[in-house]
Amino acid sequence: MFGGAAGWTGTEAMGLEEKLPSGILLTTVERVIGWARKSSTWGATFGLACCAIEMMAAGAPHYDLGRWGMEVFRASPRQADLMIVAGRVSQKMAPVLRQIYDQMADPKWVLSMGVCASSGGMFNNYAIVQGVDHVVPVDMYLPGCPPRPEMLIDAILKLREKILYEPLGDNGRKMLAAREARGEMPVVAAGAMPSSYRSDPERRRQWERAVREGREEQLRIENWMKDGRHLQGGGRW
């Protein structure tokens, strides 16, 4: 027997029963498929530069992308549905990137990680593609040089919300256009509150004040410095 397992009989409610006391859930096929797709995105192994180090850190135990069902980075594009372009894209790499994208099975999504992938960044020269959207369609842009693992996770969660509400087929696209016309589409607006701030009333007030003042990222950095985890264990955290 280990810990609290000794007293568990197997009859206690696990949480879902409390949400669905009648045992019946009504939804649409479109929503179920969207939920399944967004809950199991597998990333293609495609690190190009220093942003890839942050992407690896996001998949490691400290941040643990496995919490959202995407701890598996696939070496085969035929088993992946999310391409995270992590780093600058050279002219020589662009056709390789496009070939891997074409080999990925539909539906598939692209996340442009960092300023170099999104716009060429500081490399404004003949050797670097000035934005990966010249090569593949991009679903989510993530700024930063390089963006931290928390920022990558936040971008992935926003992309998951977009995947959840993607329409299916011609009828789905018509329904999507109608929802947009009525203003009913969920939109991840600039300055959307992260979940770590949403659960704490004091941090929620801090975030709302920072949004009004246009300094959300500065608040993130300030709180990270106050937390001091980067100073623990001799700088390894």
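No experiment lies behind these values; they were computed from the predicted model shown.

*Asks:* Mind showing me how you'd approach the packing of aromatic side chains here?
*Replies:* Two numbers describe a pair of aromatic rings. These are the distance of the centres and the angle of the planes. Enumeration according to the criterion identifies 0 aromatic pairs in this entry. Geometry around Phe123 places Arg88 over its ring, the cationic atom sitting 5.0 Å from the centre. Stacked on the ring of Tyr101, the Lys or Arg Lys108 has its end atom at 4.2 Å from the ring centre.

*Asks:* Looking at this structure, how should I read the environment of Leu164?
*Replies:* Mapped onto the fold, Leu164 is located in helix α6 (residues 149-164). Taking relative accessible area as the criterion, Leu164 reaches 16% and is therefore assigned buried. Residues in contact with Leu164, not counting those within four places in the same chain, are Arg31, Gly34, Trp35 and Lys38.

*Asks:* Would you take a moment to explain the pattern of salt bridges for this structure?
*Replies:* Side-chain pairing between opposite charges can occur once the charged atoms of the two side chains come close. Applying the stated criterion to the full structure yields 6 salt bridges. For Asp102, the salt bridge is made with Arg98, and the minimal N-O distance between the two is 3.1 Å. Of this pair, Asp102 and Arg98 are both found in helix α4 (residues 94-103), 4 residues apart, which corresponds to roughly one turn of the helix. Note on Arg98: relative accessible area 32%, which makes it partly exposed. Ionic pairing is found between Lys162 and Asp139, a salt bridge with its closest N-O pair at 3.8 Å.

Cut-off values and rules
Residues numbered from 1 in each chain as written. Predicted model: local features only at pLDDT ≥ 70, side-chain atom pairs only at ≥ 80, totals over all residues. Heavy atoms only, no water. Phe/Tyr/Trp six-rings, centres within 6.5 Å; stacked < 30°, edge-to-face > 60°. Lys NZ or Arg CZ within 6 Å of the ring centre and 35° of its normal. Helix = DSSP H or I, 4+ residues; strand = E, 2+ residues; numbered from the N terminus. Buried < 20%, exposed > 50% of the residue type's maximum accessible area, 1.4 Å probe, protein only. Contact = heavy atoms within 4.5 Å. Salt bridge = Lys/Arg side-chain N within 4 Å of Asp/Glu carboxyl O.

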